[in-house]
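Below are the chains, spelled out letter by letter.
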Amino acid sequence: RYAARLRAGGDSMSASAIGEGEDVVRIMTTHKSKGLEFPVVFVLGMGRKMSTRGQSAPLLMHADLGAGLACVDTQLGSERDTILRRAIRIKTAREQLAEEIRILYVAMTRARERLILIGDTGRTEPPDFWRQGDQDSSLYMMNTGLDMICPMLMSAGACLTIREEAVQAGDSRW
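Since this is a predicted model, take the numbers as computed values, not measurements.

Conventions adopted
Residues numbered from 1 in each chain as written. Predicted model: local features only at pLDDT ≥ 70, side-chain atom pairs only at ≥ 80, totals over all residues. Heavy atoms only, no water. Helix = DSSP H or I, 4+ residues; strand = E, 2+ residues; numbered from the N terminus. Buried < 20%, exposed > 50% of the residue type's maximum accessible area, 1.4 Å probe, protein only. Contact = heavy atoms within 4.5 Å. Areas by Shrake-Rupley, 256 points an atom, 1.4 Å probe, with all protein chains shown as cover. Salt bridge = Lys/Arg side-chain N within 4 Å of Asp/Glu carboxyl O. Core = buried A, V, L, I, M, F, W, Y, C linked by side-chain atoms within 4.5 Å. Patch = residues over 30% accessible without salt bridge, like charges linked within 9 Å, V, L, I, M, F, W, Y side chains within 5 Å. Expected span 1.5 Å × (residues − 1). pLDDT = per-residue confidence, 0-100. Pairing = 2+ DSSP bridges.

## A look at the overall build of the protein chain
And then number 1: Looking only at helices and strands, one finds five helices and eight strands in the protein chain.
And then number 2: Burial statistics for the protein chain: of 174 residues in total, 24% are counted as buried.
And then number 3: Once local pairs closer than 6 in sequence are excluded, the contacts in the protein chain between residues at least 24 apart make up 59%.
And then number 4: For the protein chain, the exposed area adds up to about 12,900 Å²; of that, 54% sits on carbon and sulfur atoms.

## Quick look at the side chain of Thr92
And then number 1: Structurally, Thr92 can be placed in helix α3 (residues 83-108).
And then number 2: Thr92 sits in the buried class, given a relative accessible area of 17%.
And then number 3: Not counting chain neighbours up to four residues away, the residues in contact with Thr92 comprise Gln55 and His62.

## A few points about the pattern of salt bridges
And then number 1: Applying the stated criterion across every chain yields a total of four salt bridges.
And then number 2: A salt bridge links Asp81 to Arg89, with the shortest nitrogen-to-oxygen separation between them at 2.3 Å.
And then number 3: Classification of Arg89 by relative accessible area gives partly exposed; the value is 22%.
And then number 4: Of the charged contacts, one joins Arg102 and Glu99 as a salt bridge, the two residues approaching to 2.8 Å between their closest N and O atoms.

## Examining the nonpolar core
And then number 1: In terms of nonpolar packing, the biggest core is built from 16 residues, with Met46, Met148 and Ile149 touching the most fellow members.
And then number 2: Secondary structure elements with two or more residues in this core: β1 (38-43), α3, α4 (128-131) and α5 (145-155).
And then number 3: Of all the elements, α5 adds the most residues to this core, at four residues.
And then number 4: If we ignore the near neighbours within four places in the chain, the residues touching Met46 are Leu104, Leu117, Ile118, Gly119, Thr144, Gly145, Leu146 and Ile149.

## Some remarks on a nonpolar patch on the surface
And then number 1: A surface patch of nonpolar side chains, amounting to about 390 Å² of accessible area, comprises Val40, Phe42, Leu44 and Ile118.
And then number 2: With respect to the secondary-structure elements, Leu44 resides in the loop between β1 and β2 (59-62).

## Things to note about the environment of Thr30
And then number 1: Mapped onto the fold, Thr30 is located in helix α2 (residues 30-33).
And then number 2: In this structure Thr30 comes out as partly exposed when scored by relative accessible area, which is 24%.
And then number 3: Along the primary structure Thr30 and Ile103 are separated by 73 residues, whereas in three dimensions their C-alpha atoms are 6.8 Å apart.
And then number 4: Contact partners of Thr30, with chain neighbours within four places excluded, come to Ile103, Val106 and Ala107.

## A closer look at α3
And then number 1: Taking 1.5 Å per residue, 26 residues should reach 38 Å; α3 reaches 37 Å between its end C-alpha atoms and fits that length.
And then number 2: Burial in α3 covers these residues: Arg85, Ile88, Thr92, Gln96, Leu97, Glu100, Leu104, Val106 and Ala107.
And then number 3: Looking at the buried side of α3, the elements it contacts are α2, β1, β2, β3 (66-69), β6 (111-117) and α5.

## Focus: the confidence of the model for the protein chain
And then number 1: For the protein chain, the mean per-residue pLDDT works out to 79, and 78% of the residues sit at or above 70.
And then number 2: Highest mean pLDDT in the protein chain belongs to β3 (92); lowest belongs to strand β8 (residues 172-173) (58).

## What about the pairing of β2?
And then number 1: Burial along β2 is one-sided: Leu60 and His62 are buried, and none of Leu59 and Met61, which face the opposite way, are.
And then number 2: For β2 and β3, the ladder comprises four bridges, and the chain directions are antiparallel. Each residue of the ladder has a partner; that of Met61, found in β3, is Ala67.
And then number 3: Between the antiparallel neighbours β2 and β3 lie three residues.

Set out below in structure tokens:
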């Protein structure tokens, strides 16, 4: 029936254009939200693992560093990284982390009044490096959006509750 209505030129189920001032809930990607502001913003998936795509491929490529292959020892039947391959892996990981931080920054700066961050660690306790605050070593342990912000929140005195509904930061509880 729906296909017949479409062929006849009528679709009562199609979305109408929504103006900027409309009082509605908007669901969009972080990329689409760039430059916009909203009274309340939910950032979902803060516990999602960051992409490590392409870092274990047999051939690693980088625009500045070139191509890196593994060193294969056919007699021993083993394989190990070359210095170039390791350098490409490290540089690519840093570039991917910088992009994830940039996207998180855009997402977190869209809210005018309230920012609600939602993520799951899959653990019952926060990772140890969250308690260490802003130490340089924790940069290399960042695998999720929660890993990016929770160490700073905890060093500022926030009480983070894992697997419960309440989170408290200072006098605010939500």
